[in-house]
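So you can see what is in the structure, the chains are spelled out below.
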Amino acid sequence: MTTKNITYLLVSCISLVVILIYGQAILVPFILGLLLWFIGKELEAALDKISFIKKKFPNWLKHILSFGIILIVLLFITNILSTNINSLAHSFAKYEPNFDALVLRIDGWFGLDTKLAIKNYSGNLDFGNILQSLFSSISYLISNGFMILLYAVFILLEDASFKPKLKAIFVNKEKEEKVDDIFCLLYTSDAADDLLCV
């Protein structure tokens with residue numbers, strides 16, 4: 001390798017790290033939106049296994065149905081998590097005296113200093129702060145939920161027109177088939193086969 005190639009490699013790596021750091025606010029919702037799209041495609045494939053839905057429902061209705069199922073499940077899980085973590089963080093102060101009494105009782109039975117041992121091993125863990133930071137992380141995800149949903153809806157809308165757009169890009173039929181084969185290799189699920197490998 002020449003010095004010029006090493007320089008290009010280092011500049012590329014540094015640029016990639018900078019883009020990932022500063023683009024995190026865009027990239028994380030985009031990746032989660034892609035994940036939602038993939039789950040939606042798998043749900044559509046599962047819905048196609050029901051003969052009534054496969055025969056009677058058009059594709060756009062299956063898209064809406066699968067996206068609605070995903071949205072309901074995500075809202076349900078988010079509600080459960082935020083409620084439980086919030087109540088646990090607020091009620092920790094109530095349980096702390098009971099926990100301290102239990103530790104003192106165990107210390108009396110076995111002649112140990114459990115608090116000192118826990119402090120030595122854990123380094124003054126504050127469970128209230130841990131729960132609060134966990135809750136703030138979940139709140140961050142929820143606040144980015146709108147952006148994630150926008151990405152997922154956009155990907156879902158582009159799903160139907162992807163194949164014609166791919167054909168429009170390539171004038172050469174061989175190059176189009178090569179790209180199509182690459183996409184078919186990337187995807188192994190039935191849902192992705194319906195999208196590209198037809």
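Check the entry above for the structure.
Structure report, in brief. Just so we're clear, the structure is a prediction, and the values are computed from it rather than from any experiment.

Right, let's get into the overall build of the protein chain. A count of helices and strands for the protein chain gives 10 helices and zero strands. Taken from N to C terminus, the helices and strands of the protein chain fall in the order α-α-α-α-α-α-α-α-α-α. Split into buried and exposed, the 198 residues of the protein chain put 22% on the buried side. Once local pairs closer than 6 in sequence are excluded, the contacts in the protein chain between residues at least 24 apart make up 61%.

The next thing to look at is a nonpolar patch on the surface. On the surface, Ile6, Leu10, Ile14, Val17, Val18, Ile21 and Tyr22 cluster together into a nonpolar patch covering about 720 Å² of accessible area. Here Tyr22 lies in helix H1 (residues 3-22).

Core analysis: the biggest nonpolar cluster contains six residues, these being Leu36, Phe67, Ile70, Ile148, Ala152 and Leu156. Those elements that place two or more of their residues in this core are helix H4 (59-110) and helix H7 (145-159). Residue contributions to this core peak at three residues, all from H7. Once residues lying within four places of it in the same chain are set aside, the contact partners of Ile70 are Leu36, Ile39, Gly40 and Leu43.

A few words on the packing of aromatic side chains. All chains considered together, the criterion is met by one aromatic pair. When the ring of Phe52 is compared with that of Phe57, the centres are 6.0 Å apart and the planes differ by 70°; the resulting orientation is edge-to-face. When its relative accessible area of 24% is taken as the criterion, Phe57 is described as partly exposed.

At a minimum axis distance of 12 Å, the contact between H4 and H7 shows a crossing angle of 160°. By the criterion of interaxial angle, the relationship of H4 to H7 is roughly antiparallel. Crossing hand, H4 versus H7: right-handed. When H4 is examined against H7, the residues His63, Phe67 and Leu71 are found in contact with a partner set consisting of Leu149, Ala152, Val153, Leu156 and Asp159. The residue inventory of the contact of H4 with H7, partitioned by class, reads six nonpolar, one polar and one charged.

Cut-off values and rules
- Residues numbered from 1 in each chain as written.
- Predicted model: local features only at pLDDT ≥ 70, side-chain atom pairs only at ≥ 80, totals over all residues.
- Heavy atoms only, no water.
- Helix = DSSP H or I, 4+ residues; strand = E, 2+ residues; numbered from the N terminus.
- Buried < 20%, exposed > 50% of the residue type's maximum accessible area, 1.4 Å probe, protein only.
- Contact = heavy atoms within 4.5 Å.
- Patch = residues over 30% accessible without salt bridge, like charges linked within 9 Å, V, L, I, M, F, W, Y side chains within 5 Å.
- Areas by Shrake-Rupley, 256 points an atom, 1.4 Å probe, with all protein chains shown as cover.
- Salt bridge = Lys/Arg side-chain N within 4 Å of Asp/Glu carboxyl O.
- Core = buried A, V, L, I, M, F, W, Y, C linked by side-chain atoms within 4.5 Å.
- Phe/Tyr/Trp six-rings, centres within 6.5 Å; stacked < 30°, edge-to-face > 60°.
- Axes fitted to C-alpha atoms, helices over the stretch in contact; angles between N-to-C directions.
- Parallel < 35°, antiparallel > 145°, perpendicular 65-115°, else oblique.
- Left-handed = near helix turned anticlockwise from the far one by under 90°.
- Nonpolar A, V, L, I, M, F, W, Y, C, P; charged D, E, K, R; others polar.

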